[in-house]
Each structure stands twice: as structure tokens, then as C-alpha cells.
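Coordinate inspection notes
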2 protein chains.
Amino acid sequence: MHYFSIMSENEICSWLTKQLRLYIPVTDEDAVNIAALFRCRKVGKGEFLLKEGQYGDWWGFVYQGLLRSYSHDAEHAEYTNAFFKEESFTCELVSFSGAAVSQTNVVALEDSLILCLDKKNLDSLFRNHPDFERFGRLLYEKILVSYKQRNLFRVRLNARERYLHFLKNEPELIKRVPLKYIASYLSVTDTSLSRIRRKMQQSVR
Amino acid sequence: MHYFSIMSENEICSWLTKQLRLYIPVTDEDAVNIAALFRCRKVGKGEFLLKEGQYGDWWGFVYQGLLRSYSHDAEHAEYTNAFFKEESFTCELVSFSGAAVSQTNVVALEDSLILCLDKKNLDSLFRNHPDFERFGRLLYEKILVSYKQRNLFRVRLNARERYLHFLKNEPELIKRVPLKYIASYLSVTDTSLSRIRRKMQQSVR
DNA sequence: CTGATTTCTTGCCTTAAGACAAGCGCAAAC
DNA sequence: GTTTGCGCTTGTCTTAAGGCAAGAAATCAG
């Protein structure tokens, strides 16, 4: 499955470079300097990468593992915002901007390794590498598109369609995430999701 | 109310500079050069700033007026994504990135003036003014935060709470936008919104 | 293996919101 | 003025999804 490996400087550097080069050119020399600003955080299954009330003043890239971001509604029920698997970017932008503490928890569903870049280091990168500012802009642009798509699909589809959409687009997560969290991600109760699944099985037979 | 004025170069420049300086420093000289890349679009009430199937390859800043962004769900019902009033930023990022044509329409609810920056001009700004890249990053960061907040409130609140939230946060729009569009923005039918309003009035008496 | 905890399913009943259709009030167009 | 159309309300009926509670199945800990 997913092992809890220890990373060498070299591994970190080459992995990060690969991510950065999806958006901007990076010289091998710059890559080393940039990678040096990251720190690697281990988060064991059930442990928290970020808790409500803390400031999430860093960018994170999931190298290995799987995490779940959730918050609470007025009635204290949990609501799953997102899952972060390998190569996912994670940042609690509300608290990142420093305006307020995080209302969101990020907990590991599997033992995970996250490469984190603290805001102060990030700011120095922005100052010293104009290309990095570009990386940030492009990264945010991509996330905005996916937010918008998700928002749409969540509002316009009914519970069954949302589940089908998830099945189609995240087949891998189905195996790795307990159904109750998938339910809460899809804004359904686990009870309802269970019924939806039963009906789908019946219609297949 | 909202007049359909003609803008001078000077007006455009000083208004834009004010917007930019919320995020980055801009010299008066740069301001003139930047403003020259914008064009001013008039969109009369009921006319479209963007239609499904077009490429929205520009950034827009609403100088005056009010617009509504909407798309269609599977059953061809309308769904309102957003309202853009004075000082709002509007960009159809899905089609901006060039990946696909817009699935979204943007129509004017009032006569409007929008300052538009075409993607090719935007790209040249990004290349020549590193600060502008920063502006883009910060702008996107802010929008991401508001998307996330909106997503949360839309999923976690029931119809009545969503309406109350809107009342509290957008009191001005209530007066300027027909209720049926507010309903569709809140993911309720106009019928249900009407009932919600009646119940609220009854409980006040 | 055994007991405990968590995850998932199911039945019964309730409820929030939608579908449809009729009608009212108002403002613009003729 | 009358007519037309739009925005909003209301009544009746239907439906998708939730609340609660019990139990099955799977997983975990000792």
C-alpha cells in the first residue's frame, strides 16, 4: 500500500522540481535553493496537519498519503471540503492570508508526507524569483477552475448524480476513503448514500 | 440611479490605478501605460457581455452597472453563479485558460461599463511588469477565499439561512436584482423563496 | 481468538423543498 | 385608456433526502 518512507534531500528536490516545471522553467541550481526552503512533515494516520484555530500560514504539497479537510456546520455536523492525495496542493487560504484562524481541520486518512513551504519563505521566493510569482498565479488559476467546476456539479446535480460523478472522476479515492466521508464530501448523509448505492446495485442486476 | 456615462482616458486611468494600488505599487507613468491596454465595453440592460460558446479571453472590471453570470443545468434550468457590481472583477477562467469555450452567460441587469483587458495584453503585462504578476496572484487569492466561503455557506445552510445570509451580506443587491435571480443564486426556486419571505414577515408581525 | 469500536445497511416516519398551475399587481408599450 | 408581459405570490400535491434507531458487517486492539 502506502509506505511511510523517509525522504532524502535529493528526493525532495527532484520531486518538487517536477511539480514546478509543470508551470514554470526552473534551472537545476534554482531548484536546489528552492527545495531547501521546504520542510517535510510526517502526519500519521488520524493525526492533524492543521486544526481549527491555528494559522495555516504555509503551502503544502502532498508527496505521499491521503488527507481529508473538513469543517463543522452550525449543528456541529462535519462537512468534508476536500481530499488531498499524492501531488495535491493544500493551503488554507482563509488563514493563510492572516485574516482569521482556520475554521478547517486537515487530518490524515493514511500515513502521509507533506512538503511544506512557510509563508515567510514563500514571500522571499516571490520577491527573488519573479517566475515563482507566476507559479503562484498559475496554480491559483487552476484551483479556481476546479473550485468553480466543483461548485457547479455540487449545486446542479442531485445526490445520485453527484455520487456517479465522484465514481467516474475519483475512482481511486473510492477504495481509499470510508464511505461516510465520501457522503459528507457529496453533501449527503451516509444513510442516504447507502440507499443510493443499494438502488444502483439493484438496477444493475 | 446608474447613468450610462462616457469615460475619458483620464477617468479610466485614475479609476484603474485606484484598483491596482489596493494590491501593488504603481507609478503614475506605469499607470498610464497599463490603462492604455484596457478597452471600455458598454453593455446595455439585457445585452450580453459573454455568451455560452464564446471564449472569454479577457479580464474585466466593472466600472458601472450590474451583471449576472449564469449557466444551465442538465434540465435547461438557469443557475446564477454570481452578480458583478461596481468594482467587481469578472473573468470566465474556464474559457480564459483556453481549455474550453464558456458554458456561462454574463448578461447586464443594468446598463453597464466594463473595463476589459485582453489576454494578449495581459500576458505582455505579466512579462514586463513583475508587479502585475503579483497583482494577478493576489487577486486570485482573494477570489479563492470568497469562493470557498460561498461554497461553504451554500452547502451548510438551508434555504432560509442562505437567504438571511444574503440579506445581511448583500443588502444593496436585494434592491437591484429581481427576486427570481436571487433565488437561483441561492439554489432555491423563486416559489420557495417567496414562501420563505412570507414566513419571515409573519414572524416579524 | 475475543471483545470493542467503527463502518455500513435497513426500516419507519418526517420534512424541506420542488412541480405545476392559477392568479395578482405593476410597469411598459401601443 | 387597454393590452401585454414580467415579477411575485399562493394552493395543492409530490418527492428527494434526512432523523432516528436497530442491527449487521468489518476492522482493530489486546
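What you are looking at is a predicted structure, and each value in this text was computed from that prediction instead of being measured.

As a further point, take the sheet that holds strand β2 (residues 48-50) of chain A. Spatially, the four strands line up as an open sheet ordered β2-β7-β4-β5 (chain A), and their pairing is antiparallel. Edge strands, defined here as strands with exactly one partner in the open sheet, are β2 and β5 (78-84) of chain A. The average angle at which neighbouring strand axes cross in this sheet is 30°, direction not considered. By the bridge criterion, six bridges tie strand β4 (residues 67-72) of chain A to β5(A) in an arrangement that is antiparallel. Paired with A:Ser71 across the strands is A:Tyr79, a residue of β5(A). Helix α5 (residues 130-156) of chain B rests against β4 and β5 of chain A of the sheet, and its axis sits at about 135° to β5(A).

Close to DNA strand D lie 16 residues; A:Ala159, A:Ser192, A:Arg195, B:Leu179 and B:Lys180 are nearest. A share of 73% of the atoms of DNA strand D within 4 Å of the protein falls on sugar and phosphate groups. Within the contact set of DNA strand D, a base oxygen lies 2.9 Å away from a side-chain nitrogen or oxygen of A:Arg195. Every element with two or more residues in the surface near DNA strand D is listed here: α9 (190-204) of chain A together with α8 (179-185) and α9 (190-204) of chain B. With five residues, the single largest contributor to the surface near DNA strand D is α9(B). For the surface near DNA strand D, the per-class residue count stands at four nonpolar, seven polar and five charged.

On to the interface of chain B and chain A, then. Contacts between the two partners involve 31 residues from chain B, matched on the other side by 30 residues from chain A. Carbon and sulfur atoms supply 61% of the area buried between chain B and chain A, which totals about 3200 Å² over both sides. For the interface between chain B and chain A, the tally reads six salt bridges. We note a salt bridge from B:Arg137 to A:Glu133, for which the minimum N-O separation is 2.5 Å.

Conventions used here
Residues numbered from 1 in each chain as written. Chains lettered and ligands numbered in written order. Predicted model: local features only at pLDDT ≥ 70, side-chain atom pairs only at ≥ 80, totals over all residues. Heavy atoms only, no water. Pairing = 2+ DSSP bridges. Helix = DSSP H or I, 4+ residues; strand = E, 2+ residues; numbered from the N terminus. Axes fitted to C-alpha atoms, helices over the stretch in contact; angles between N-to-C directions. Contact = heavy atoms within 4.5 Å. Near = heavy atom within 4 Å. Polar contact = N/O pair within 3.5 Å; in protein donor to acceptor, adjacent residues only side chain to side chain. Nonpolar A, V, L, I, M, F, W, Y, C, P; charged D, E, K, R; others polar. Buried area = accessible area lost by both parts, 1.4 Å probe. Salt bridge = Lys/Arg side-chain N within 4 Å of Asp/Glu carboxyl O.

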